[in-house]
Amino acid sequence: MKKLLKQVGWLIVIILGVAILTLIFTGIIQKGMVFFADRRGVVLSESLLYGISGTLGSGFAAIAVWVIIRYAKRLSFYLCSNPVDSKWTAVFILFTFAVCRIVLPGIWAYASYALGVEATPVGNAPDDSVWQMILFGVILAPVFEELLFRKDIFSLLKMRFSLSWTVVLSSLLFAAIHGYSVEGFVSCLVAGGLFAILMARTGKLLPCIIAHVLCNLESLYYNTNESANSLIVNLNGHTTYNAYIFAAGLLIMVLSGVYLLKFVKRQNNVKIHNE
């Protein structure tokens with residue numbers, strides 16, 4: 001009976017994963033089809049648009065889920081419970097900040113501008129005072145969200161699933177609960193995954209809260225200075241940091257990423273040697 005319930009649970013997880021990824025891929029394919037049709041002056045019927053995008057979207061989603069299942073064990077290599085020091089934690093927080101707040105938004109904005117696709121806002125800044133946004137968005141939200149997703153939900157999922165699947169599922173829940181656009185969903189999915197990896201590697205909640213606070217603090221700064229800041233450029237409606245900041249963020253991401261991977265490999269080599 002337990003084996004049957006476990007198989008049913010896995011089936012439900014796979015179906016949900018395919019459904020969520022189908023929505024993402026379908027939305028991206030629809031934008032691409034509309035863009036190229038407009039460039040060529042072709043009128044697409046709704047049946048053709050939804051038929052092709054839905055078919056391709058579901059196909060890509062199925063392939064993506066298969067790849068995740070196929071290589072999930074390799075992810076465990078980077079999520080093993082080897083102890084990490086404060087330097088590794090600080091570098092990972094820096095890596096998370098660079099990816100989530102500079103590189104990923106920059107890629108969305110510059111790619112949308114290059115393709116001529118209208119950028120979809122990740123989220124609208126509330127009409128509150130700066131101090132209210134600091135209190136609720138920078139202090140309270142990161143603390144309570146990390147307690148919920150990286151403490152409670154992460155612990156519950158870890159009791160039933162492997163560490164790799166715990167990271168994936170908690171990240172999907174984190175992204176889904178925010179209810180943003182496709183760009184926003186992907187951004188929250190990446191951020192949730194990095195926060196979850198930080199939790200898995202350190203076993204502590206405080207580094208996750210610090211990383212979350214830094215990301216939200218930058219988001220507040222960006223939203224309140226978007227219209228009048230020399231560091232932010234407007235590319236026909238697509239706002240992001242200028243090319244110099246984007247390049248700096250990309251460099252930080254690459255250098256910190258190389259350090260993190262070397263650290264993990266070095267620790268695993270030491271572990272294998274000791275065994």
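Quick look at the structure, then. Since the model is a prediction, treat every value here as computed from it, not as a measurement.

## Structural notes on the overall build of the protein chain
Each helix and strand in the protein chain was counted, giving nine helices and two strands. Long-range pairs, those at least 24 residues apart, make up 75% of the contacts in the protein chain with a sequence separation of at least 6. About 16200 Å² of surface is accessible on the protein chain, with carbon and sulfur atoms providing 69% of the total.

## Looking at the pattern of salt bridges
Pairing is possible between side chains that carry opposite charge, provided their charged atoms lie close to one another. What the rule picks out here adds up to two salt bridges. Here E218 makes a salt bridge to R101, at a shortest N to O gap of 2.5 Å. Of this pair, E218 sits in helix α8 (residues 206–225) while R101 sits in helix α4 (residues 86–115), and the two are 117 residues apart along the sequence. The pair formed by E218 and R101 is uniform in burial state, with each residue classed as buried. R150 serves as the salt-bridge partner of E146, at 2.8 Å between the closest nitrogen and oxygen. Taken together, the residues E146 and R150, both in helix α5 (residues 130–160) and four residues apart, mark about one turn of the helix. Both residues of the pair, E146 and R150, belong to the buried class.

## Let's talk about a nonpolar patch on the surface
The grouping of L48, I52, L56, F60, I63, W66 and V67 at the surface amounts to a nonpolar patch, some 640 Å² of accessible area in total. Relative to the assigned elements, L48 resides in helix α2 (residues 46–70).

## Some remarks on the nonpolar core
Counting 26 residues, the largest nonpolar core has W88, F92, F154, L194, L198 and L260 as its most contacted members. Those elements that provide at least two residues to this core are α4, α7 (182–202), α8 and α9 (243–274). If one sorts the elements of this core by residue count, α7 sits on top with eight residues. For F154, the residues in contact, after removing those within four places along its chain, are F149, L163, T166, V167, S170, A196, M199 and A200. By size, the runner-up hydrophobic cluster in this structure holds 16 residues, among which are V65, I153, L172 and F174.

## Topic: α7
The end-to-end C-alpha separation of α7 is 30 Å, in line with the 30 Å expected for 21 residues at 1.5 Å each. Burial of α7 is extensive: 18 of the 21 residues sit out of reach of the surface. In the segment just after α7, G203 is the residue with positive phi, at about 70°.

## Quick notes on the packing of aromatic side chains
By the definition in use, this model includes seven aromatic pairs. Ring centres of W88 and F92 lie 5.0 Å apart, and the angle between their planes is 20°; this geometry places the pair in the stacked category. Taken together, the residues span about one helical turn, with W88 and F92 both in helix α4 at a distance of four residues. Both rings, one in F92 and one in F95, keep their centres 6.1 Å apart while their planes meet at 50°; by these two values the pair is tilted.

## Examining the side chain of H212
By the element assignment, H212 lies in helix α8. Excluding residues within four positions of it along the chain, H212 makes contact with P142, E145, E146, R150, F174 and F195.

## A word on the side chain of T166
Mapping T166 onto the fold places it in helix α6 (residues 163–178). When sequence neighbours within four positions are dropped, the list of residues in contact with T166 reads F154, L157, K158 and F161.

## Concerning the packing of α7 against α8
To characterise two packed helices, one gives the angle between the axes of the helices and the distance between these axes. Running from amino to carboxyl end, α7 crosses α8 at an angle of 155°, the nearest separation of the two axes being 9 Å. Comparing the axis directions of α7 and α8 gives the class roughly antiparallel. When the axes of α7 and α8 are compared, the crossing they make is right-handed. In this structure, α7 uses F195, L198, M199 and T202 to contact α8, whose residues at the interface are P207, C208, A211, H212 and C215.

## Regarding α8
Over its 20 residues, α8 runs 28 Å from end to end, which matches the ideal 28 Å to within 8%, given 1.5 Å per residue. Among all positions in α8, only P207, C208, I209, A211, H212, C215, E218, L220 and Y222 are buried.

## Concerning the packing of α5 against α6
Following both chains from N to C, one finds α5 and α6 inclined at 140°, their axes separated by 9 Å at the closest point. Judged by the angle between their axes, α5 and α6 are oblique. Considering how the two elements wind past one another, α5 and α6 form a crossing that is right-handed. Where α5 approaches α6, its residues E145, F149, R150, I153, F154, L157 and K158 are matched on the opposing element by L163, T166, V167, L169, S170, L173, F174, I177 and H178. Across the contact of α5 with α6, the residue classes tally to ten nonpolar, three polar and three charged.

Definitions and limits used
Residues numbered from 1 in each chain as written. Predicted model: local features only at pLDDT ≥ 70, side-chain atom pairs only at ≥ 80, totals over all residues. Heavy atoms only, no water. Helix = DSSP H or I, 4+ residues; strand = E, 2+ residues; numbered from the N terminus. Contact = heavy atoms within 4.5 Å. Areas by Shrake-Rupley, 256 points an atom, 1.4 Å probe, with all protein chains shown as cover. Salt bridge = Lys/Arg side-chain N within 4 Å of Asp/Glu carboxyl O. Buried < 20%, exposed > 50% of the residue type's maximum accessible area, 1.4 Å probe, protein only. Patch = residues over 30% accessible without salt bridge, like charges linked within 9 Å, V, L, I, M, F, W, Y side chains within 5 Å. Core = buried A, V, L, I, M, F, W, Y, C linked by side-chain atoms within 4.5 Å. Expected span 1.5 Å × (residues − 1). Phe/Tyr/Trp six-rings, centres within 6.5 Å; stacked < 30°, edge-to-face > 60°. Axes fitted to C-alpha atoms, helices over the stretch in contact; angles between N-to-C directions. Parallel < 35°, antiparallel > 145°, perpendicular 65-115°, else oblique. Left-handed = near helix turned anticlockwise from the far one by under 90°. Nonpolar A, V, L, I, M, F, W, Y, C, P; charged D, E, K, R; others polar.

Function-wise, these values are silent; they only describe arrangement.
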